[in-house]
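Architecture and fold: a report
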Amino acid sequence: MKQGVLLRYRQFLPITPKTPMITLGEGDTPLVRSQRLEKEIGCGELYFKLEGCNPTGSFKDRGMVVAVAKAVEGGSRAIMCASTGNTSASAAAYGARFGLETLVIVPRAGIALGKLAQALAYGAKIISIDGSFDDALSLVRALTQRYPITVVNSINPHRIEGQKTAAFEIVDALGDAPDYLFIPVGNAGNITAYWKGFLEYQRAGRSKSTPGMMGFQAEGAAPIVQGRVIEEPRTVASAIRIGNPASWKGAVAARDESGGRIDSVSDEEILSAYRLLGSSEGIFGEPASAASVAGLVKVARQGLELKGKKVVCIITGSGLKDPDTAVEIAQPPAELPADIAAIEKSLGLV
Ligand SMILES: *Cc1c(COP(=O)(O)O)cnc(C)c1O
């Protein structure tokens, strides 16, 4: 049985004797070696961390389990978040299971179908606003100050605490930190959390080194790269469609302290990495997840020396979250009569 994040990494988490050790089986996700891309770009070892294997299909569960445990410990009755989809799916699942009402504010445009289905299935109260994710987060900040409702966006520090456990797992699996960690950047909580995790593990003597943190935003939603708030962020990758990241400073610190980079990739580059992951690695991540791989392909082309280096790309969420994009960009299936000759011909068997 899976221990869950709270039990497995309790000595690194803000746990007291009163914290309920809840779990839905989050964490302990696969770190799988690349079959093709590693050779193509000529890097030493390339791994993908499959965060889509978490209970609600994204890394958000690692932070949510801690945020919800602390909310329960503190006597909270309700939790609230703004979301591009995955935070609400995760909050709704943990809220439902551990007895908290879940309130969600989402931007009307562009919440992926699978994520909305999840929040509905877990019984959250969902409000869809005519505004962006950043507008939704401002409303959540205001409402949770006014009412006794716990905010579970990554401005809640317990979220970051839980999410840092993915860095621990990578070091535990590889025996030390990789040379580079590639990760998509939206609200920038996750890059902040990983960096915190790598630093804490090094301080605890679990690793000798820390990785260069390589964060990637989508070109149409790249506030950190451009150094300014983006009023109307645009990208196919809805999970990173964010114009004013809450953890902006954390991301910049991760970049600068680690000797890494924060750069952007175009939607074309994201979708090309998304296809490559599916069709040549057997990994179906959601579009935002492919930004990490698109970033790796980009810096390899630009000539970053990767020979002999250990590299990890974070695949942040499952491709099933966003079936519309998957179907939209693919060749539709061939439609044929139920006839063996027609099928043989179509498949090129004869
Ligand atoms: C939330 C999310 C991101 C972005 O993470 P931040 O912490 O907001 O930077 C990327 N990919 C997926 C699948 C997500 O759910």
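See the structure shown above.
For clarity, every value in this text was computed on a predicted model and none was experimentally measured.

Things to note about the layout of surface pockets
Taken as a whole, the largest pocket holds about 230 Å³ of empty space. A109, G131, S132, P233 and R241 are the residues nearest the centre of the largest pocket, which is lined by 13 residues in total. Here the residues of the lining of the largest pocket are counted per class, giving four nonpolar, five polar and four charged. Each pocket or cavity is described by its volume, and for the second largest pocket that value is around 180 Å³. Lining the second largest pocket, in full, are L37, E40, I41, E269, S272, A273, L276, V293, A294, V297, K298 and R301.

Looking at the nonpolar core
Note on soluble globular proteins: their nonpolar side chains tend to be buried together. Within the largest apolar cluster, 49 residues are counted, with the highest numbers of intra-cluster contacts made by L181, I191, Y194, F198 and M213. Counting residues per element, this core draws most heavily on helix α3 (residues 60-73), which supplies seven residues. Beyond its immediate stretch of four places on either side in the chain, Y194 contacts K49, E51, A166, A167, I170, L181, I183, M213 and I314. Membership of the second largest hydrophobic core comes to 34 residues, among which are A290, V293, L304 and C313.

Some words on the environment of E38
Within the secondary structure, E38 sits in helix α2 (residues 37-41). Between the alpha carbons of E38 and V311 there is a distance of 9.1 Å; along the sequence they are 273 residues apart. Among residues more than four places away in sequence, those in contact with E38 are R33, C43, G44, E45 and L46.

What to know about helix α11 (residues 248-258)
Given 3.6 residues to a turn, an α-helix orients residues that are three or four positions apart in the same direction. Buried within α11 are the following residues: A251, A254 and S258. Angular distribution of buried residues about the axis of α11 spans 60°; they occupy a single face of the element. Away from the buried face of α11 by more than 90 degrees, exposed residues K249 and E257 are located. As for α11, its buried residues are in contact with α9 (189-203), β8 (212-218), α10 (223-226) and β9 (261-265). Backbone geometry just downstream of α11 places G259 in the positive-phi region, at approximately 70°.

As for the sheet that holds β8
The mixed open sheet is built from six strands, whose spatial order is β1-β2-β10-β7-β8-β9. Strands at the two margins of the open sheet, each flanked by one partner only, are β1 (31-33) and β9. Adjacent strand axes in the sheet meet at a mean angle of 25°, parallel and antiparallel pairs treated alike. Set on the sheet, α11 makes contact with β8 and β9; between it and β9 the angle comes to about 120°.

Re the pairing of strand β7 (residues 180-184)
With five of five residues buried, β7 lies mostly within the body of the structure. The alternating pattern of β7 places Y180, F182 and P184 on one face and L181 and I183 on the opposite face, and all of these are buried. Note that β7 and β8 share five bridges and pair parallel. Bridge pairing links L181 to M213 in β8.

What to know about the site of the ligand
Around the ligand lies a shell of 15 residues, among which K60, N86, N187, A188 and T316 are the nearest. Contacts to the ligand include N86, whose side-chain N or O atom sits 2.6 Å from an oxygen atom. Between the ligand and T316 there is a distance of 2.7 Å, counted from a nitrogen atom to a side-chain nitrogen or oxygen. In isolation the ligand has 380 Å² of accessible area, and contact with the protein removes 96% of it. With respect to the detected pockets, the ligand is housed in the largest cavity. The residue makeup of the shell around the ligand, split by class, is six nonpolar, seven polar and two charged.

Cut-offs and rules
Residues numbered from 1 in each chain as written. Predicted model: local features only at pLDDT ≥ 70, side-chain atom pairs only at ≥ 80, totals over all residues. Heavy atoms only, no water. 1 Å grid on protein atoms, 1.4 Å probe; cavity = no way out; pocket = protein on both sides within 12 Å on 5 of 7 lines; lining within 4 Å. Points joined across faces, edges and corners; volume = space filled by probe spheres on them. Nonpolar A, V, L, I, M, F, W, Y, C, P; charged D, E, K, R; others polar. Core = buried A, V, L, I, M, F, W, Y, C linked by side-chain atoms within 4.5 Å. Buried < 20%, exposed > 50% of the residue type's maximum accessible area, 1.4 Å probe, protein only. Helix = DSSP H or I, 4+ residues; strand = E, 2+ residues; numbered from the N terminus. Contact = heavy atoms within 4.5 Å. Arc of directions from axis to C-beta. Pairing = 2+ DSSP bridges. Axes fitted to C-alpha atoms, helices over the stretch in contact; angles between N-to-C directions. Near = heavy atom within 4 Å. Polar contact = N/O pair within 3.5 Å; in protein donor to acceptor, adjacent residues only side chain to side chain. Areas by Shrake-Rupley, 256 points an atom, 1.4 Å probe, with all protein chains shown as cover. Sits in = over half its atoms within 2 Å of the grid points.

Nothing here speaks to function; it is all geometry.
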